[in-house]
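Listed below are the residues making up each chain.
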Amino acid sequence: MTDTPIISLSNVGKSFGSFQAVSAMSLELKEGEFFSLLGPSGCGKTTALRMIAGFQEPTQGRVEIDGRDMAGIPANRRPTNMVFQSYAIFPHRNVGDNVAYGLRSQKVPKPEIAARVAEALEMVELGGLERRGATELSGGQRQRVALARALVMRPRVLLLDEPLSALDKKLREQMQFEMRHLQRSLGITFVMVTHDQYEAMTMSDRIGVMFDGRLVQVDDPATLYARPCNSKVASFIGEMNFIPGEVTAESSGKLSVTAAGFGALAIPANPNVETPGKSAMLGIRPEQLEIAKAQPADYDATVRGTVSDVAFYGENVHYHVQVDGIDRPVAVSVPNYFHTVDYRQGDQVWLGLLGDSVIDLGQQDQ
Amino acid sequence: MRRPSGLTAYAFLYLAFLYLPVLFLPLFSFNSGTIVAFPIKGWTLDWYRQLGAQDTLIQALANSLMVGMVSALMSTAMGLFAARAYTRYRFQGSAASEGLVMLPLVVPGIIVASSMLVLFISLGLKPSLTAVILGHTFLALPFAVSILKSAFDDFDVSLEEAARDLGSGVIETFWRVTLPVIAPGIVASILVTFTVSFDEFVLAFFLSGNRPTLPVYIWSQIRFPAKLPNTLALGSLLLLASILLLVVAEYFRRRATKSRV
Ligand SMILES: Nc1ncnc2c1ncn2[C@@H]1O[C@H](COP(=O)(O)OP(=O)(O)OP(=O)(O)O)[C@@H](O)[C@H]1O
Ligand SMILES: [Mg+2]
């Protein structure tokens, strides 16, 4: 592993006519990392990926792969390979020929092709299926063929456009695990596009969050979850209660705030915040709140409320609690330790909150 | 939901009106009498047997086969590029140019034929089979374009991108991926355009000069009552061939649509 980034985007933009699909995107990827581009539909993820692959030329900025400027270099001469969202399995060829396609194109000697194809199919657990017709594959098998067909080329970077979105939930979770495992053992850089936050979080070393063509935050999953840079990112990743607050004082990594409903709290400063300000939006994850019948001790702030809604998820239970001074009910998530749902709609409860678990999200949007 | 019962009867009458006359052709081609009228005198295969011995007929058939094959290949090759452009790219005037390509479907044949005759003569091209080939290519182009367009509509663009991604250049991608995947559509187009040319009369009549195609030859024979049964036999064979060809073409067209994984 070297220090030069395997992929470097500097100020890359792409416009279609007057429409800016990707703007001023700058990003450096380390060799061997699993990177995900996460964002809502239409935010420009695919466009960004296709500029790296060479299917689209950026209208501004510069794409470098392994230190080489990629301007004017077509997809067939880039050290990247792609797994397409539709998988793009060649329908007129069997599995073996699909996987061998790129090697034949490179005029690799025949015996070596056979060996590498077998090895690649083994890798995706399709060993021995060379002869199977492309039209006779299940969705999961097609996904694996697409993966094998790209990996057999031994690319420096593997690009994946929503590779799992066509699979059902169970298979998707299994493939997430397998792909992560494969990526670690091969040490190839993976760049994956997804709009599924859980997929991005479970698989990636780092995640880049995109909105409206802009890369808003790049961080590892834990940081992204704990220190999102604004309310939009916070609401896209996991669940979040948004509570308006006032910053009253600031000192060495701590903020003194007054949160609606909860009152005065000392909370950690968030170094990622985009626009700090006096009136800040505060984020509280539902699982960070304590819910109890009696006023809980050892919390920095406690408040009374009324349960307005109960949702049972199996592994945990969500209560919506109406609290004076907060417009929307506060969501509280409790692990389902003892298979009981302790509170019902209309119950009077207490909520407990630790200042350290409150996230400063910066200047309020509205 | 029940359909109004009159509608079914109407549909059958309509079909009978359309196709019954066509059925008279093979029926009377087996009639041993030379007059085309009921009752049928007796059954014979003589009219079919005599066909093989008629040299001018064989020559006309050869002309038609040649014209049909060349214009089928030309219109399909041109249609291939046009269809790919229409389905893949949005460009200025694409709708207009597509409309123009489809025009021969609606312009009366006699107008196309006479204007082509004038055009070719003014260009110094005498009526000949070459002229017929050019005319038929023009007539068959809309059929080729619409069949191939549906083949390209069903073609996942990312197949070509995948080929590029795996190291193929533009030309290799076309040969190794695009062409094989839409091959059934190409076969369908060749068969249909061949049939269009093979059956065509008006243009061939204007442009063929002294080397008639089969339909022109048949027309010239119809004037002689004695030759009529032969012509009926020939017509029946052509009918059978056309139907077979179109059935095969339809089979390939459907296969093209299904090829998407
Ligand atoms: N070739 C194109 N011409 C015009 N506009 C385009 C083109 N490709 C993409 N766009 C537009 O650019 C924007 C971003 O598209 P892109 O496919 O990158 O989104 P995405 O984030 O991948 O969305 P999704 O999750 O739905 O796949 C969209 O608004 C899209 O309509
Ligand atoms: Mg996309």
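Just so it is clear, the structure is predicted and the values come from calculations on it, not from any experiment.

**Examining helix 2 (residues 95–105) of chain A**
No. 1: Within helix 2 of chain A, 9 of the 11 residues are buried, which leaves the element mostly enclosed by the surrounding structure.
No. 2: For helix 2 of chain A, the complete set of buried residues consists of V95, G96, N98, V99, A100, Y101, G102, L103 and S105 of chain A.
No. 3: Looking at the buried residues of helix 2 of chain A, the elements they touch are helix 3 (110–123) and helix 4 (139–151) of chain A together with helix 7 (157–165) and helix 8 (170–199) of chain B.
No. 4: Positive backbone phi, approximately 60 degrees, marks K107 of chain A, located one or two places after helix 2 of chain A.

**Some remarks on the site of ligand 1**
All names here are of chain A.
No. 1: Contacts to ligand 1 come from F16, F19, A21, P40, S41, G42, C43, G44, K45, T46, T47 and E162.
No. 2: For ligand 1, an oxygen atom lies 2.5 Å from a polar atom in the side chain of S41.
No. 3: For ligand 1, whose free accessible area comes to 640 Å², the fraction covered by protein is 62%.
No. 4: Among the elements of the structure, strand 2 (19–29) and helix 1 (45–53) are those that each provide at least two residues to the shell around ligand 1.
No. 5: Considering every element that reaches the shell around ligand 1, the biggest residue donor is helix 1, with 3 residues.
No. 6: Its residues assigned to classes, the shell around ligand 1 comprises 5 nonpolar, 5 polar and 2 charged.

**A word on helix 5 (residues 109–122) of chain B**
Residue and element names in this part refer to chain B.
No. 1: Here helix 5 spans 20 Å end to end across 14 residues, near enough to the 20 Å set by a 1.5 Å rise per residue.
No. 2: Restricting attention to buried positions, one finds in helix 5 the residues V112, A113, M116 and F120. All buried residues of helix 5 project into a common sector of 95 degrees when viewed along the axis, lining one side. Of the exposed residues in helix 5, those oriented more than 90 degrees away from the buried face are V118, I121 and S122.
No. 3: The inward-facing, buried residues of helix 5 contact helix 6 (129–153) and helix 9 (202–207).

**Some thoughts on the confidence of the model for chain B**
Reading predicted coordinates in detail is not appropriate for stretches of low pLDDT.
Residues and elements named next belong to chain B.
No. 1: Considering every residue of chain B, the mean pLDDT works out to 86; 96% of them sit at 70 or more.
No. 2: Summarising per-element confidence for chain B, the mean pLDDT is lowest in helix 2 (residues 46–51) (78) and highest in helix 7 (93).
No. 3: Both scores are given for the predicted complex: the pTM is 0.80, the ipTM 0.83.

**Thoughts on the packing of helix 3 (residues 55–88) of chain B against helix 8 of chain B**
Residue and element names in this part refer to chain B.
No. 1: Two numbers describe how helix 3 lies on helix 8: the axes approach to 8 Å, and their chain directions differ by 140 degrees. The angle between the axes of helix 3 and helix 8 places the two elements in the oblique class. The element helix 3 and its partner helix 8 pack so that their crossing is right-handed. Contacts from L61, S64, L65, V67, G68, M69, S71, A72, L73, S75, T76 and L80 in helix 3 reach F174, L179, I182, I186, S189, I190, T193, F194, S197 and F198 in helix 8.
No. 2: Among the residues making up the contact of helix 3 with helix 8, the classes are represented as 14 nonpolar, 8 polar and no charged.

**Quick look at the domain arrangement of chain A**
Residue and element names in this part refer to chain A.
No. 1: Along its sequence, chain A is carved into domain 1 (5–226) and domain 2 (231–363).
No. 2: Domain 1 and domain 2 are separated by 38 Å when their C-alpha centres are compared.
No. 3: Across the boundary between the two partners, domain 1 contributes 16 residues, which contact 10 residues of domain 2.
No. 4: Summed over both sides, the interface between domain 1 and domain 2 buries roughly 1,200 Å², with carbon and sulfur atoms accounting for 63% of that surface.
No. 5: The largest per-residue losses of area from domain 1 upon contact with domain 2 belong to Q197, F211 and Y225, which jointly make up 46% of the total buried on that side.
No. 6: Applying the counting rule to domain 1 against domain 2 returns 1 salt bridge.
No. 7: Put simply, D212 and K232 hold a salt bridge, and the shortest N to O gap is 3.7 Å.
No. 8: Our enumeration of links across domain 1 and domain 2 arrives at 3 residue pairs in polar contact (both at pLDDT 80 or more).
No. 9: Put simply, the parts of the chain that give the side of domain 1 that touches domain 2 at least two residues each are helix 6 (197–203), strand 9 (206–211), strand 10 (214–219) and helix 7 (221–226).
No. 10: At 4 residues, helix 7 tops the list of elements feeding residues into the side of domain 1 that touches domain 2.
No. 11: Here the residues of the side of domain 1 that touches domain 2 are counted per class, giving 9 nonpolar, 5 polar and 2 charged.

**Concerning the interface of chain B and chain A**
No. 1: Counting residues at the interface gives 20 residues for chain B, matched by 25 residues for chain A.
No. 2: Interface area for chain B against chain A, summed over the two sides, is near 2,000 Å², with a carbon-plus-sulfur share of 56%.
No. 3: One can count 1 salt bridge joining chain B with chain A.
No. 4: There are 12 residue pairs in polar contact (both at pLDDT 80 or more) connecting chain B and chain A.
No. 5: A total of 7 residues in the side of chain B that touches chain A trace back to one element, the largest contributor, which is helix 7 of chain B.
No. 6: Here the residues of the side of chain B that touches chain A sort into 8 nonpolar, 6 polar and 6 charged.

Conventions used here
- Residues numbered from 1 in each chain as written.
- Chains lettered and ligands numbered in written order.
- Predicted model: local features only at pLDDT ≥ 70, side-chain atom pairs only at ≥ 80, totals over all residues.
- Heavy atoms only, no water.
- Buried < 20%, exposed > 50% of the residue type's maximum accessible area, 1.4 Å probe, protein only.
- Helix = DSSP H or I, 4+ residues; strand = E, 2+ residues; numbered from the N terminus.
- Contact = heavy atoms within 4.5 Å.
- Near = heavy atom within 4 Å.
- Polar contact = N/O pair within 3.5 Å; in protein donor to acceptor, adjacent residues only side chain to side chain.
- Areas by Shrake-Rupley, 256 points an atom, 1.4 Å probe, with all protein chains shown as cover.
- Nonpolar A, V, L, I, M, F, W, Y, C, P; charged D, E, K, R; others polar.
- Expected span 1.5 Å × (residues − 1).
- Arc of directions from axis to C-beta.
- pLDDT = per-residue confidence, 0-100.
- Axes fitted to C-alpha atoms, helices over the stretch in contact; angles between N-to-C directions.
- Parallel < 35°, antiparallel > 145°, perpendicular 65-115°, else oblique.
- Left-handed = near helix turned anticlockwise from the far one by under 90°.
- Domains from an automatic or database assignment.
- Buried area = accessible area lost by both parts, 1.4 Å probe.
- Salt bridge = Lys/Arg side-chain N within 4 Å of Asp/Glu carboxyl O.

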